[in-house]
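Descriptive analysis of the structure
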Amino acid sequence: MKHKHTASTLLAWAGGLMTLSAVLTALCNNLAYGGILLAAASCMFFGAYHFRLSETQQGETEESNHE
């Protein structure tokens, strides 16, 4: 269980990169498209948070089964 938060970490990084893309798109090109990307980034952060919760809960369940 060395890397038990891999999925949530990768989703958080993807959300961060999409946030950066949203800001750059909103400033340089189209405000509406930047807003859509920002909404998608918030969904990625929300998903990463819930992945982290489920990974932690699964780890605790596995540890209690081994005892």
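Parameters and conventions
Residues numbered from 1 in each chain as written. Predicted model: local features only at pLDDT ≥ 70, side-chain atom pairs only at ≥ 80, totals over all residues. Heavy atoms only, no water. Helix = DSSP H or I, 4+ residues; strand = E, 2+ residues; numbered from the N terminus. Polar contact = N/O pair within 3.5 Å; in protein donor to acceptor, adjacent residues only side chain to side chain. Buried < 20%, exposed > 50% of the residue type's maximum accessible area, 1.4 Å probe, protein only. Expected span 1.5 Å × (residues − 1). Patch = residues over 30% accessible without salt bridge, like charges linked within 9 Å, V, L, I, M, F, W, Y side chains within 5 Å. Areas by Shrake-Rupley, 256 points an atom, 1.4 Å probe, with all protein chains shown as cover. Salt bridge = Lys/Arg side-chain N within 4 Å of Asp/Glu carboxyl O. Lys, Arg positive; Asp, Glu negative; His and termini not counted. Contact = heavy atoms within 4.5 Å.

Turning our eyes to something else, we now look at the environment of S42. Tracing the backbone shows S42 in helix 2 (residues 31-66). Once the C-alpha coordinates of S42 and L31 are considered, the two residues, 11 residues apart in sequence, prove to be 17 Å apart. Among the polar contacts listed, one links the side chain of S42 to the backbone oxygen of A39, at a separation of 2.7 Å.

Take the environment of T56 next. Relative to the elements of secondary structure, T56 occurs in helix 2. Under the relative-accessibility criterion, T56 is labelled partly exposed at 26%. Sequence-wise, T56 and C28 are 28 residues apart; in three dimensions their C-alpha atoms are separated by 40 Å. Here the side chain of T56 touches R52 through a polar contact of 2.9 Å, landing on its backbone oxygen.

The next subject is helix 1 (residues 6-28). One turn of an α-helix holds 3.6 residues; hence residues three or four places apart share an orientation. With 23 residues, helix 1 extends 33 Å between its outermost C-alpha atoms, agreeing within 8% with the 33 Å of an ideal straight helix rising 1.5 Å per residue. Regarding helix 1, the residues found buried are S8, G15, A22 and T25.

Taken together, the side chains of L17, L20 and L24 make up a nonpolar region of the molecular surface, amounting to roughly 300 Å² of accessible area. Structurally, the position occupied by L20 is in helix 1. Residue L20 is classed as partly exposed on the basis of its relative accessible area, which comes to 49%.

Moving on to the environment of A40. Assignment of secondary structure puts A40 in helix 2. For the pair A40 and S64, spaced 24 residues apart in sequence, the C-alpha to C-alpha distance is 36 Å.

Tracing the sequence through the fold places E55 in helix 2. Summary of buried charges: E55 has no salt-bridge partner, and the nearest side chain of opposite charge, R52, is 5.0 Å away. Once you skip the residues sitting within four places of it in the chain, E55 turns out to touch K4, H5, T6, A7 and S8.

Note that all results are geometric; they support no functional claim without further evidence.
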